[in-house]
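This is what each chain is made of:
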Amino acid sequence: MSRRKTRPRTSPVAVPSAVTATSPCPCGLDAAYGACCGRFHTGAGGAAPTAELLMRSRYSAFVVRDEAYLLRTWAPGTRPGEVDFDPGLRWVGLEIEETTEGTPFHQHGTVTFTARYAHGGEPGSLHERSRFARHEGAWVYVDGDFTA
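Below, the structure is looked at part by part. (Residues numbered from 1 in each chain as written. Predicted model: local features only at pLDDT ≥ 70, side-chain atom pairs only at ≥ 80, totals over all residues. Heavy atoms only, no water.)

1. Side note on the packing of aromatic side chains
Part 1: Counting across every chain of the model gives 6 aromatic pairs.
Part 2: Between Trp74 and Tyr141, the ring centres sit 5.4 Å apart and the planes meet at 80°, which makes this aromatic pair edge-to-face. A residue pair is termed long-range when its members are at least 10 positions apart, and Trp74 in the loop between α3 (67-72) and β1 (89-101) and Tyr141 in strand β4 (residues 138-146) qualify at 67 residues.
Part 3: Under the relative-accessibility criterion, Trp74 is labelled buried at 0%. (Phe/Tyr/Trp six-rings, centres within 6.5 Å; stacked < 30°, edge-to-face > 60°. Helix = DSSP H or I, 4+ residues; strand = E, 2+ residues; numbered from the N terminus. Buried < 20%, exposed > 50% of the residue type's maximum accessible area, 1.4 Å probe, protein only.)

Shown next, in the form of structure tokens:
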């Protein structure tokens, strides 16, 4: 999920109101947002312990448009200055297809996923193999390759 800023933001983007602490987590795990990805977003749950949980929490951050979390969990060498949230795009589902390494015992890992979205009412999907690494002890998103 490496959407980078490509055009100036013309107005603040409102956080979708559909996701609350007690809502099902957008990442697809069987937990409420506040107890799942929301705890990472607020910092109450510390840092995500695996690359997959970081991937899930970053997906949820795109859903709720949490720019601060996305930038905080992006590797310094590849981090953009800001995140461009397309107001016409709504993320609607995440499927983790494969993970390699990325456990608490590794320094690097990959997560291959499909994220589904609707843009202007039209469905679509993004397929990516994301790379993660440890930075100062915490998992961060490095970059990714779009896959077919």
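Still to come is the rest of the account.
2. Considerations on the environment of Arg56
Part 1: Its location among the elements puts Arg56 in helix α2 (residues 51-64).
Part 2: For Arg56, a relative accessible area of 10% corresponds to the buried category.
Part 3: As for Arg56 and Leu29, which are separated by 27 residues in sequence, their C-alpha atoms are 8.7 Å apart.

3. Points about the pairing of β4
Part 1: Bridge count for strand β3 (residues 122-135) against β4 is 8 bridges, and the pairing is antiparallel. Paired with Phe132 across the two strands is Tyr141, which belongs to β4.
Part 2: The hairpin turn running from β3 into β4, its antiparallel successor, is 2 residues long, and Glu136 in that turn takes a positive phi close to 50°. (Pairing = 2+ DSSP bridges.)

4. Topic: the sheet that holds β3
Part 1: Strands sit in the order β1-β2-β3-β4 across an open sheet of 4 strands; the sheet is antiparallel. Strands with a single pairing partner mark the edges of an open sheet, and in this sheet they are β1 and β4. Averaged over all neighbouring strand pairs, the angle between strand axes comes to 30°, with direction disregarded.
Part 2: Judged from the 12 bridges that link them, strand β2 (residues 108-119) and β3 form a sheet pairing that is antiparallel. (Axes fitted to C-alpha atoms, helices over the stretch in contact; angles between N-to-C directions.)

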